[in-house]
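Take a look at the letters that make up each chain.
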Amino acid sequence: MKGKTSRKKFIVALFVCVLVALCAPLKASFEGNQSGTSAPEKIFKTAKQGCTPGLIAFLVRMPKGGDLHNHLLGATYGEFLLESAARNKLLFDPSSKQFYKPNAAAKLSAQQQAKLVPAEKLKEPENEKAYYVYRDAISTRGAYITGKIHDHFFATFLRMLSTNRSFGQMLAEVIHRNQTQNVNYLELILSLVDQRPVENSLQGFSIDNLENAFHYAEIAYKKARIGEKTVTALNGIEVEAHKLLLSKYGEGGFPVTVRYILETWRNVNNKTFFAMAYCNMKAVELDPRIVAHNIVQPEDMPFSRQCFSDQMKILNFLWQKLNKPHMTLHAGELVLRDSPVEPMQDRIARTISEGHAERLGHAISIAWEKNLPQLIKRMRENGICVEVCLSSNEGILGVKGNDHPFDLYRKNGVPVVICTDDEGVNRSNLTMEYVKAVKRYNISYEQLKNIVRNSIEYSFLKGKSLYQKRNYNLLIPNFQNVRAPEWTPDKEQFGLMRKNLKIKEQIKLEREFVKFETEVCPQLSRIIH
């Protein structure tokens, strides 16, 4: 008992030390000439109007809050995938553009085997052509040559999986990359749960008798100990990531806060969809690290169109039965090139009303919605946030610039957040997504800061907000002075921050903005002019 008390005191003391370091007074120390050219707004304006490297220099150092739409598998870069393939002694096939284990490769034809290249030798000069094939296949880089980006994009994921890079390795990579860009929070989308025991129990599944399916799902879920296995799998991923971060970068613990969103596939039959959605939505209540449920895969595929109504019925049913978990759903990732107009006339509205989406991934087809004024009003008043992924929208759908509804949402008061989607596939990162947004949409510095604040305000972190009624100019009474350069938390504020994860992250962001504007911007003013 005494040991537990001592450990608890140590943890509390450690927490206080971290908060003191985070919230230490920051004094304004602007340098430069009397015209005030080093003021953050002016520096940003200069960077925005100047060369792209200057804007990158500003934005990579600016606090960016969180990335709320980031697929872990699609976030890993091809170079690191190849390292994993080499460690796993895999063989690359330039024809299929996938890797094979030696025992699987032995079953290929003699002609195919002759073309295989060991992963560890793929970068050697004599294998240059094969390496180019790999490099183009593992991201959208090669698709920009052919112009067939949509199909190429979705084909990359099976190629990535064939490298056998573990989720732990991916997680360490993504955490470190974002930490170096002043990103403090990640909600990562991934497949974690094996739904097959539940799916196998749903014999005679009927969309018209979901209560019966739910009954058998409950029995199978408990019997197969799926909940326990889900937590064990997540623990394994995080333990491996911790070890890698410590060994490669000397980082003990996670330097950013990470939460997870579990994905259900939409291009599957109704029975499989039910089983996946059941297990994934159940997991949201299972572990505090798992914060929401999502549905993924292309919306323009036949199953997505044909089964949409049934899928919404399933989601609505399970949402009611499983204590109304947080939902962020891909919706309206559609254009006329790939879809008839009919699905676009109510896809977003129904995803909100029937799928209970609190956030929307992409939502490109908003203009085609039948009841657009009412829908926009509902999104604005209910804070239905849109996860904007500019590189993906440009690559997959061919939508960019004024063809994108980014400004339609912003000018109508619908909250938006800037996200990466699949930074490894797109050869991008959160900094470059902000660069695109700034260059294309004439965003002011204050508007930019509020978009960053959205990424924590509309996250699924537990706790009340630092802001009143989502107005970033109105802080709650306990923290009215949190933006003052000299601010440090008192005892009461320490206690509130310990209990409230959302406020803790929001205060961390506000303090980082103070530090950025008082310490970093003066230095940037010397090179951005």
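Look up: the structure comes first, before these words.
Residues numbered from 1 in each chain as written. Predicted model: local features only at pLDDT ≥ 70, side-chain atom pairs only at ≥ 80, totals over all residues. Heavy atoms only, no water.

A.B. asks: Hey, could you run me through the nonpolar core in this one?
C.D. replies: Looking at soluble globular proteins, one finds that nonpolar side chains tend to be buried together. Core analysis: the largest hydrophobic core is formed by 142 residues, its most contacted members being Phe58 and Phe274. In terms of residues, this core owes the most to one element, helix H15 (residues 270-286), which gives nine residues. With residues near it in sequence (within four places) discarded, Phe274 still touches Leu202, Phe205, Leu210, Ala213, Phe214, Ala217, Ile314, Phe317 and Leu318. Membership of the second largest hydrophobic core comes to six residues, among which are Ile189, Val291, Val296 and Phe460. (Core = buried A, V, L, I, M, F, W, Y, C linked by side-chain atoms within 4.5 Å. Buried < 20%, exposed > 50% of the residue type's maximum accessible area, 1.4 Å probe, protein only. Helix = DSSP H or I, 4+ residues; strand = E, 2+ residues; numbered from the N terminus. Contact = heavy atoms within 4.5 Å.)

A.B. asks: For this particular structure, what's the right way to read the sheet that holds strand S8 (residues 328-331)?
C.D. replies: Pairing between the strands of a sheet comes from backbone hydrogen bonds, and it takes one of two forms, parallel or antiparallel. Here we have four strands laid out as an open sheet, ordered S8-S9-S10-S11, and parallel in their pairing. Looking at strand neighbours, the two that pair on one side only are S8 and strand S11 (416-418), the edges of this open sheet. Put simply, the sheet's adjacent strands are angled 30 degrees from each other on average, direction ignored. Examined bridge by bridge, strand S9 (residues 359-362) and strand S10 (residues 385-388) share three bridges and lie parallel to one another. Across the sheet, Gly361 pairs through a bridge with Glu387, a residue of S10. (Pairing = 2+ DSSP bridges. Axes fitted to C-alpha atoms, helices over the stretch in contact; angles between N-to-C directions.)

A.B. asks: Would you explain the environment of Gly413 in this entry?
C.D. replies: Within the fold, Gly413 resides in the loop between helix H22 (406-411) and S11. Along the primary structure Gly413 and Gly383 are separated by 30 residues, whereas in three dimensions their C-alpha atoms are 9.1 Å apart.

A.B. asks: Honestly, the environment of Ile528 in this entry has me stumped. Any pointers?
C.D. replies: Here Ile528 shows up in the segment after helix H27 (501-524). In this structure the C-alpha to C-alpha distance between Ile528 and Ile43, which are 485 residues apart in sequence, comes to 6.8 Å. In contact with Ile528, not counting residues within four places along its chain, are Ile43, Thr46, Ala47, Gly54 and Phe58.

A.B. asks: Help me understand the side chain of Asn184, please; the structure alone is not making it clear to me.
C.D. replies: Within the fold, Asn184 resides in the loop between helix H11 (167-179) and strand S5 (185-190). Since its relative accessible area comes to 7%, Asn184 is described here as buried. There is a polar contact of 2.7 Å between the side chain of Asn184 and the side chain of Glu512. Contact partners of Asn184, with chain neighbours within four places excluded, come to Gly65, Val256, Thr257, Glu505, Lys508 and Glu512. (Polar contact = N/O pair within 3.5 Å; in protein donor to acceptor, adjacent residues only side chain to side chain.)

A.B. asks: Please clarify how the pattern of salt bridges should be interpreted in this entry.
C.D. replies: Pairing between side chains of opposite charge can happen when the charged atoms of each approach one another. What the rule picks out here adds up to 27 salt bridges. For Asp346, the salt bridge is made with Arg350, and the minimal N-O distance between the two is 4.0 Å. Arg410 serves as the salt-bridge partner of Asp407, at 2.7 Å between the closest nitrogen and oxygen. One end of the pair is Asp407 and the other is Arg410, both in helix H22 and three residues apart, which spans about a single turn. We classify Asp407 as buried; its relative accessible area is 18%. Take Arg410: its relative accessible area is 22%, and that puts it in the partly exposed class. Salt bridges sharing partners connect three or more residues here, namely Arg165, Glu173, Arg177 and Glu423. (Salt bridge = Lys/Arg side-chain N within 4 Å of Asp/Glu carboxyl O.)

A.B. asks: What am I meant to see in the state of the cysteines here?
C.D. replies: What we call a disulfide is simply a covalent bond connecting the sulfur atoms of a pair of cysteines. If you walk through the whole model with that rule in mind, you get zero disulfides. For Cys279, which is in no disulfide, the shortest distance to another cysteine sulfur is to Cys307 and amounts to 19 Å. Among the residues examined, Cys279 registers a relative accessible area of 1% and is labelled buried. (Disulfide = S-S within 2.5 Å.)

Geometry only, nothing functional implied.
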